[in-house]
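Examination of the molecular architecture
Single-letter residue listing:
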Amino acid sequence: MTPQTRQRALTHVPGAGTAPWWEGAVIYHIYPRSFRDGDGDGVGDLAGLRAELPYLRWLGVDAIWLSPFYASPAVDFGYDVADHTAVDPVMGDLADFDAVVAEAHRAGIRVLVDFVSSNTSVRHPWFADSRSSRDSPRRDWYVWADPSPGGGPPNNWISVFGGPAWTWDPHTGQYYLHSFLPEIPDLNWRNPAVEAAMLDVLRFWMDRGVDGFRIDAAEHLLKDPLLRDNPPATPVTGGHPKNLGEYDRLRHLYDRGHPDIHPLYRRIRRLLDEHRPGAPHLAIAEIVPEPGVGLDHWASFYGTALDEIHMPMNLTLPALPWDAASFREALADVEAAIPPGGGPTVALGSHDEPRVASRYGPEQARCLLAVLLTLRGTAVLYYGDELGLPNSPVRAGEERDPWGRRDPAFNRDLGRTPMPWSGAGPAAGFTSAARPWLPLPEGAHRLSVAAQRADPRSTLRLTRALLALRRRSPALRHGTYRPLELGADLLGYERRCGPDAVVVVANFAAGPREVRTPGGARWTLAARTGSGTRLRGGTLALGGYEAAVLRLSADVAPPPDR
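Rules behind the numbers
Residue positions are given per chain, counting from 1 as you read along its sequence in written order. Confidence filtering applies because this is a predicted model: local features only for residues at pLDDT of at least 70, side-chain atom pairs given and counted only at 80 or more, and all residues used for totals across whole chains, interfaces and linings. Hydrogens are left out, water is left out, and the side-chain values use all remaining heavy atoms of the structure. Counting from the N terminus, the helices are the DSSP runs of H or I reaching at least four residues and the strands are the DSSP runs of E reaching at least two. The globule rule used for comparison is 2.2 Å times the number of residues to the exponent 0.38, while the radius of gyration itself is calculated over C-alpha atoms. Per-residue accessibility, obtained with a 1.4 Å probe over protein chains only, is compared with the maximum for each type, and a residue is labelled buried under 20%, exposed over 50%, and partly exposed between these values. Two residues qualify as a contact provided that any one of their heavy atoms is within 4.5 Å of a heavy atom in the partner residue. Positive charges come from Lys and Arg alone, negative charges from Asp and Glu alone, with His and the N- and C-terminal ends not counted. We put the charge of a Lys on NZ, of an Arg on CZ, of an Asp on CG and of a Glu on CD. Centres within 6.5 Å make a pair out of two Phe, Tyr or Trp rings, where for Trp the six-membered ring is used; the pair is then stacked when the planes are under 30 degrees apart, edge-to-face when over 60, and tilted otherwise. Any Lys NZ or Arg CZ that is within 6 Å of a ring centre and within 35 degrees of that ring's normal is treated as a charge sitting over the ring. Axes, fitted as lines to C-alpha atoms, cover a helix only where it is in contact. Angles between the N-to-C directions of the axes lie from 0 to 180 degrees. In what follows, roughly perpendicular refers to angles from 65 to 115 degrees, roughly parallel to angles under 35, roughly antiparallel to angles over 145, and oblique to any angle outside these ranges. By definition, turning the near helix anticlockwise from the far helix through less than a right angle yields a left-handed crossing, and turning it clockwise yields a right-handed one. Three classes are used, and their members are as follows: Ala, Val, Leu, Ile, Met, Phe, Trp, Tyr, Cys and Pro are nonpolar, Asp, Glu, Lys and Arg are charged, and the others, Gly among them, are polar. Put simply, buried Ala, Val, Leu, Ile, Met, Phe, Trp, Tyr and Cys residues joined by side-chain atoms within 4.5 Å make one nonpolar core. Helix span is expected to be 1.5 Å times the residue number reduced by one. The term polar contact refers here to a pair of N or O atoms within 3.5 Å; inside protein, the definition further demands a hydrogen-donor-capable atom paired with an acceptor-capable atom, and it admits residues adjacent in sequence only when both atoms are side-chain atoms. By convention in these notes, a salt bridge is any Lys or Arg side-chain nitrogen within 4 Å of a carboxyl oxygen on Asp or Glu.

Here we take up the overall build of the protein. Check the secondary structure of the protein and you find 15 helices and 21 strands. For the protein, the C-alpha radius of gyration of 23 Å lies close to 24 Å, the compact-globule estimate for 562 residues. Its C-alpha atoms give the protein principal-axis dimensions of about 80 × 60 × 50 Å. Residues classed as buried in the protein amount to 59% of the 562 residues present. The contacts of the protein with a sequence gap of at least 6 include a subset with a gap of at least 24, amounting to 71%. Treating the 60 positive side-chain charges of the protein as one cloud and the 66 negative ones as another, the clouds have centres 7 Å apart.

Evaluation of the coordinates by the stated rule reveals 34 aromatic pairs. Residues Trp403 and Phe410 carry aromatic rings whose centres are separated by 5.0 Å and whose planes lie at 20° to one another, so their mutual orientation is stacked. For the pair Trp403 and Phe410, a shared accessibility class is recorded, and that class is buried. Connected via pairs of aromatic rings, a cluster forms that spans Tyr28, Phe35, Tyr55, Trp58, Tyr382, Tyr383 and Trp421. Above the face of the Trp144 ring, Arg139 is positioned so that its terminal group lies 3.6 Å from the ring centre. The cationic tip of Arg355 hangs over the ring face of Tyr383; the distance from NZ or CZ to the ring centre is 4.6 Å.

Moving on: unusual backbone geometry. Phi is positive for Leu227, which is not a glycine, with a value near 55°. Among the structural elements, Leu227 can be located in the loop between strand E9 (212-216) and helix H7 (261-274). Even without a glycine there, the phi angle at Leu306 is positive, about 50°. Its location among the elements puts Leu306 in the loop between helix H8 (296-299) and strand E11 (311-312).

The next thing to look at is the packing of helix H11 (residues 362-372) against helix H14 (residues 459-472). The angle between the axes and the distance between the axes are what describe a pair of packed helices. Viewed as axis vectors pointing N to C, H11 and H14 meet at an angle of 15°, and their least axial separation amounts to 10 Å. Here H11 is positioned roughly parallel relative to H14, judged by the angle of their axes. Taken as a pair, H11 and H14 cross one another with a handedness that is right-handed. Residue-level contacts link Arg366, Leu369, Ala370 and Leu372 of H11 to Thr459, Leu462, Thr463, Leu466 and Arg470 of H14. By residue class, the composition of the contact of H11 with H14 is five nonpolar, two polar and two charged.

Before going further, it helps to examine the nonpolar core. One recurring pattern in soluble globular proteins: nonpolar side chains tend to sit buried together. Of all hydrophobic cores here, the largest spans 124 residues; its most connected members are Tyr28, Tyr55, Leu56, Ile64, Phe97, Trp189 and Met419. In terms of residues, this core owes the most to one element, helix H6 (residues 192-207), which gives eight residues. For Trp189, the residues in contact, after removing those within four places along its chain, are Phe115, Ser117, Ser118, Val194, Glu195, Met198, Leu221, Leu222, Leu264 and Ile268. Ala25, Ala63, Leu112 and Val380 belong to the second largest nonpolar core, which has 15 residues in total.

What follows is about H6. Under the 1.5 Å per step criterion, the end-to-end length of H6 is 22 Å for 16 residues, consistent within 8% with the ideal 22 Å. Three or more residues of H6 are buried, namely Val194, Glu195, Ala197, Met198, Leu199, Val201, Leu202, Trp205 and Met206. Where H6 starts, the residue carrying a side-chain oxygen 2.9 Å from the main-chain nitrogen of Ala193 turns out to be Asn191. Looking one or two residues beyond H6, the residue adopting positive phi is Gly209, at roughly 105°.

Turning our attention to the pattern of salt bridges. Summed over all chains, the structure comprises 32 salt bridges. A salt bridge links Arg131 to Asp169; its shortest N-O distance comes to 3.3 Å. On the criterion of sequence distance, the pair formed by Arg131 in helix H5 (residues 125-132) and Asp169 in strand E7 (residues 166-169) is long-range, its members being 38 residues apart. Connected through shared salt-bridge partners, Asp76, Asp352, Asp401, Arg412 and Arg416 make up one network.

What follows is the structure in structure tokens.
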């Protein structure tokens, strides 16, 4: 990439006056099983979520994204869907979902849901029909293949969770494809009937009022029709959001992201744009960059005319080392890869990763909150990160996550910590049950929403103040992004929209650092993550692992608590 290309990407800004609702928005990602239990069975549900919508309004988020709540055998907790248009009874029913949407909208909060697009459960009626006979009308709804000439799987494809991506079905004498678990077979999107059925799933949820979708495993919808072997991967270092173990042995040329996928996403995008005229539905998508390949393939999902995915998710940040240079380079690479007019997403926590506070430390997590909520684009804030929650303390041998049971190094239970709401009971208000579905960490009562709302120095109150600043700052909602060269341990950037300007400086060092404020202008300290930060004259002093937000505008006072 040329310096000129990178600079165009870094300084681009869409016109704020015509911006869609999601530009500069903050989407709060909820893992429903761990958010709030409304019926006392130890598992979070839609009734519990609905009860906490006033909290989310108080916090100040623009939208919520719900991980799967669909009918499921729960082998992979909702990603093994048995019915795409039904609510799992553990979570409630469709009336509960409708109530969540209606009350969220009354509170000014939009609702996104996961579109589990690439696969179903083996217990889905479609797959039961497909595997019943080679002559089944739904046989071609999934990817079936004969054994290789040697008698083994059809090719060398590997499951993301490890092991072959094929399972033998003795009843019909063929293998079926599963990019993830054997219990989650891949749909065949090359069959027009499958595409029509899945587009009907999107219509179903749009008709129920959702405002958009996060498309799960978005690259996996179309594979090479010839089922060719993947070539070996070239050994690389860095450039990948997560080490996937055995899966990284191969370069994934043929088992995901086939070029035919782009016309498919243009068709999906037309549906999302046209279903509700004048109010298009947002599509964000899970697109995982491949080691050593760069970000061009990832960025191609925006579409050549920005007519595919509105925002492929930026998944490069969660596994970066604690190093200012690594963050600086990753942000520059993502910004440079985004086509003109495109908008980024920024996420640091998710249901697939250990908690930010456990990956880096609690002070570092506060520092990164300031970064997350001031970068260009749409921020995705994972539930509980506003509290600085650490990992769920799941012991070896007690994993609930199927990936974690296969390999504890990939245990996703850690990041699915039940949300502590108060000092009530052993589960800190998450549930009245004797035992929640996953254990809460030590100190959960001290970290609870109730405790932190009462503490003006808490991580929760810091998050709320940053969200309030973001809402009233045109620079943070719609402004350009320009990196600042401030020193080896410092990450710095300027956001600007018209007369409004914001400068953010994050200190990745354990000790204090000082920096001169840019341009000799009069800056005001609008937010800080720690008590060691001071602004005197033209010098900003930061304590170890602290971040500061400076604003040129005089209107920087936070709103009163409500």
